Amino acid sequence: MAVTLSERAAQHVVDYLAKRGKGVGIRLGVRTTGCSGMAYKLEFADETPEGDEVFTSRGITVFVDPKSLTYIDGTELDYAREGLNEGFKFNNPNVKNECGCGESFNV
């Protein structure tokens, strides 16, 4: 499988990288934390991280460290605006439970 981006997420990444003036893509992963066990990490990559899996979705290069790929394989990254809030949303088919605040999950 792979990690993909929705059209809205891809456009947001393109706009943000243009505003930054640098960057080769985004890097996704997970870290142990929160009340449900794991939380997503997303950062803009200025160079290709050695050892990462590389995907391309809608023209955006997506880097994922091999350990995190187990937990986020098949995930679609979306960008949503809900009321006054906006941000990236992870549509992860592997999630079994999420905490009430939506900041962490388990598989």
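Given the structure is predicted, the values throughout are model-derived calculations rather than measurements. (Residues numbered from 1 in each chain as written. Predicted model: local features only at pLDDT ≥ 70, side-chain atom pairs only at ≥ 80, totals over all residues. Heavy atoms only, no water.)

Moving on, we get to the pairing of strand β7 (residues 85-91). As judged from the seven bridges shared by strand β6 (residues 76-82) and β7, these two strands associate in the antiparallel manner. Bridge pairing in β7 links E82 to N85. Where β6 hands over to β7, the hairpin turn is made up of two residues, of which G83 adopts a positive phi near 65 degrees. (Pairing = 2+ DSSP bridges. Helix = DSSP H or I, 4+ residues; strand = E, 2+ residues; numbered from the N terminus.)

Here we come to the pairing of strand β4 (residues 53-57). Looking down a regular strand, the side chains alternate between one sheet face and the other. Strand direction decides the pairing type here: β4 and strand β5 (residues 60-64), joined by five bridges, are antiparallel. Counterpart to V54 in the pairing with β5 is F63.

It is worth spelling out the confidence of the model for the protein chain at this point. Predicted confidence across the protein chain gives a mean pLDDT of 87, with 85% of residues reaching 70 or more. The secondary structure element of the protein chain with the lowest average pLDDT is strand β9 (residues 105-106), at 59, and the one with the highest is β5, at 97. (pLDDT = per-residue confidence, 0-100.)

Of note in this structure, R58 is not a glycine but carries a positive phi near 55 degrees. When you line up the elements, R58 lands in the loop between β4 and β5.

Take helix α1 (residues 7-20) next. Between the first and last C-alpha of α1 there are 20 Å, a value that for 14 residues agrees with the 20 Å anticipated at 1.5 Å per step. Those residues of α1 lying buried are A9, A10, V13 and L17. Projected onto a plane normal to the axis of α1, the buried residues spread over an arc of 100 degrees and lie on a single side. Among the exposed residues of α1, those pointing more than 90 degrees away from its buried face are R8, A18 and K19. Residues of α1 that are buried in the fold lie against β1 (4-5), β2 (25-33), β3 (37-45), β5, β6 and β7. G21 lies just past α1 and shows a positive phi near 80 degrees. (Expected span 1.5 Å × (residues − 1). Buried < 20%, exposed > 50% of the residue type's maximum accessible area, 1.4 Å probe, protein only. Arc of directions from axis to C-beta. Contact = heavy atoms within 4.5 Å.)

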